[in-house]
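# Residue-level structure breakdown
So you can see what is in the structure, the chains are spelled out below.
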Amino acid sequence: MVLVNSTPMLKEARKSGYGIVAFNVHSLDMLYSVAEAAAELDAPLIVQTTVGTVRNLGPENIVAAAKAASEEYKIPMALHLDHCTDYDVLIKCIRAGYTSVMIDASMHEFDENVRRTNQVMDVAKFLDVNVEAELGKVGGVEDDIVVDEADAQKAVPSECVKFIELTGVPTLAPAIGTAHGIYSGDPDIDFERIEKIANLVDVPLVLHGGSAIPDEDVRRCVSLGMSKMNVSTELKNAYSQAIKEHFEDKPNALDPRQYLTKAKQAAKDLAQSKIKLVGCQGKASEVQALYGNEYKDGALIG
Ligand code: 13P
């Protein structure tokens, strides 16, 4: 088993009306936790890292761990680079074996967003790598990308159509009212806008800011065509909280295996609740069949 391009699994999810969770992992431990979680539920999986995590762990180490996990757990698994604004980092990750990348040029004007997305499409389409782009601006904090609430902007449905026409991008993240991080109140999700966009474009849509959205809202987003849900904050919090509690209980603890075991279990439990929520439990075999023998081996360019 090797890492797969996420486009086919997301297209299938959109067609069949379920979602696939993309978990942001910040350590290799977290990567194995979510893989174990998905395997136990027989679910397809997207593991993703931010640019900060790529810098911290190294793309080759992340790819090696993701391949080892997909090998061990035998689930269709894609490795995605989240919110990348830097073309060089993006190419480095593709070269290392990432099977999906997000070019985030949402802070630029529409035409520049198109240009930057096309620059990535030019490479990715020959290498069997999924590409995600963002329209509008998702609020909140993700790594070193900070968008104040006042600057957040929802995606315009007619622009989504034009953007797909001009780029051919296979997955689109339209801003629809969610934000990265934990909300002070309930998120103000614009379901009507999701419906309009989903009626106009048939690519799988991506729900950013997947943490702390009420369950019924997540189900509604997924049923409307948001086929990939990104979850970062809640996973990171569950993992870290378990470590904090361990040290509160045992301030002199020094054995990482003890506190990391608890952290991994907490991350796994959280991951399983999200996988069940979007309805992809039990879909791994059918998703795997989409790829046949054409699993890529991550050895891409030269
Ligand atoms: P949360 O941190 O709100 O889960 O958002 C994750 C995300 O959208 C990553 O791109």
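What counts and how
- Residues numbered from 1 in each chain as written.
- Predicted model: local features only at pLDDT ≥ 70, side-chain atom pairs only at ≥ 80, totals over all residues.
- Heavy atoms only, no water.
- Core = buried A, V, L, I, M, F, W, Y, C linked by side-chain atoms within 4.5 Å.
- Buried < 20%, exposed > 50% of the residue type's maximum accessible area, 1.4 Å probe, protein only.
- Helix = DSSP H or I, 4+ residues; strand = E, 2+ residues; numbered from the N terminus.
- Contact = heavy atoms within 4.5 Å.
- Near = heavy atom within 4 Å.
- Polar contact = N/O pair within 3.5 Å; in protein donor to acceptor, adjacent residues only side chain to side chain.
- Areas by Shrake-Rupley, 256 points an atom, 1.4 Å probe, with all protein chains shown as cover.
- 1 Å grid on protein atoms, 1.4 Å probe; cavity = no way out; pocket = protein on both sides within 12 Å on 5 of 7 lines; lining within 4 Å.
- Sits in = over half its atoms within 2 Å of the grid points.
- Nonpolar A, V, L, I, M, F, W, Y, C, P; charged D, E, K, R; others polar.
- Pairing = 2+ DSSP bridges.
- Axes fitted to C-alpha atoms, helices over the stretch in contact; angles between N-to-C directions.
- Parallel < 35°, antiparallel > 145°, perpendicular 65-115°, else oblique.
- Left-handed = near helix turned anticlockwise from the far one by under 90°.
- Salt bridge = Lys/Arg side-chain N within 4 Å of Asp/Glu carboxyl O.

Under an unreviewed UniProt entry, the chain has the name Ketose-bisphosphate aldolase and belongs to Gracilibacillus marinus.

Let's shift gears to the nonpolar core. Counting 99 residues, the largest nonpolar core has Met-9, Phe-23, Leu-31, Leu-45 and Leu-81 as the members making the most contacts within it. Per element, the largest residue contribution to this core is 8 residues, and it comes from helix α11 (residues 256-278). For Met-9, the contacting residues outside a window of four places in its chain are Val-4, Ile-20, Pro-44, Leu-45, Ile-46, Pro-76, Met-77, Ala-78, Val-287, Leu-290 and Tyr-291.

Turning to the site of the ligand, a few remarks are in order. For the ligand, the set of nearby residues contains 15 residues, the closest of which are Asp-82, Gly-209, Ser-211, Ser-232 and Thr-233. Within the backbone of Gly-209, a nitrogen or oxygen atom sits 2.7 Å from an oxygen atom of the ligand. With respect to the ligand, the backbone of Ser-232 contributes an N or O atom lying 2.8 Å from an oxygen atom. Taking 300 Å² as the accessible area of the ligand by itself, protein coverage stands at 100%. Judged by the proximity of its atoms to the pocket grid, the ligand belongs to the largest cavity. If you list the elements that add at least two residues to the shell around the ligand, you get β3 (77-84), β9 (179-180) and β11 (226-231). Looking at the shell around the ligand, its residues break down into 2 nonpolar, 11 polar and 2 charged.

Attention now moves to the environment of Leu-290. Here Leu-290 shows up in helix α12 (residues 284-291). Here Leu-290 falls in the partly exposed class, since its relative accessible area comes to 39%. Sequence spacing of Leu-290 and Thr-233 is 57 residues, and the spatial spacing of their C-alpha atoms is 31 Å. Beyond its immediate stretch of four places on either side in the chain, Leu-290 contacts Pro-8, Met-9 and Glu-12.

Moving on, we come to the sheet that holds β9. Strand order in the open sheet made by the 3 strands is β7-β6-β9, with mixed pairing throughout. A single partner strand is all that each edge strand has here, and the edge strands are β7 (145-147) and β9. Pairing analysis gives 3 bridges linking strand β6 (residues 139-142) to β7, with the strands arranged antiparallel. Bridge pairing in β7 places Gly-140 opposite Val-147.

As a further point, take the packing of helix α2 (residues 28-40) against helix α4 (residues 59-73). Interaxial distance between α2 and α4 falls to 10 Å at its minimum, and their mutual angle equals 25°. By the angle between their directions, the pair α2 and α4 is classed as roughly parallel. Here the hand of the crossing between α2 and α4 comes out right-handed. Within the contact between the two elements, α2 uses Leu-28, Leu-31, Tyr-32, Ala-35, Glu-36 and Ala-39 and α4 uses Asn-61, Ile-62, Ala-65, Ala-66, Ala-68, Ala-69 and Tyr-73.

Quick look at the pattern of salt bridges now. Two side chains of opposite charge can pair, provided their charged atoms sit close to one another. Tallying each qualifying case throughout the model produces 12 salt bridges. Among the salt bridges present, the one from Arg-115 reaches Glu-112, with a minimum N-O distance of 2.9 Å. Here Arg-115 pairs with Glu-112, and both are found in helix α6 (residues 110-124), just 3 residues apart, close to one helical turn. Residue Glu-112 is classed as partly exposed on the basis of its relative accessible area of 23%. Linking Lys-228 and Glu-132 is a salt bridge whose minimum nitrogen-to-oxygen distance equals 2.7 Å. Here Lys-228 is found in strand β11, whereas its partner Glu-132 is found in strand β5 (residues 130-135), with 96 residues between them in sequence. Using a relative accessible area of 0% as the deciding quantity, one classes Glu-132 as buried. Beyond isolated ion pairs, a larger network of salt bridges with shared partners links Glu-36, Glu-40 and Lys-268.

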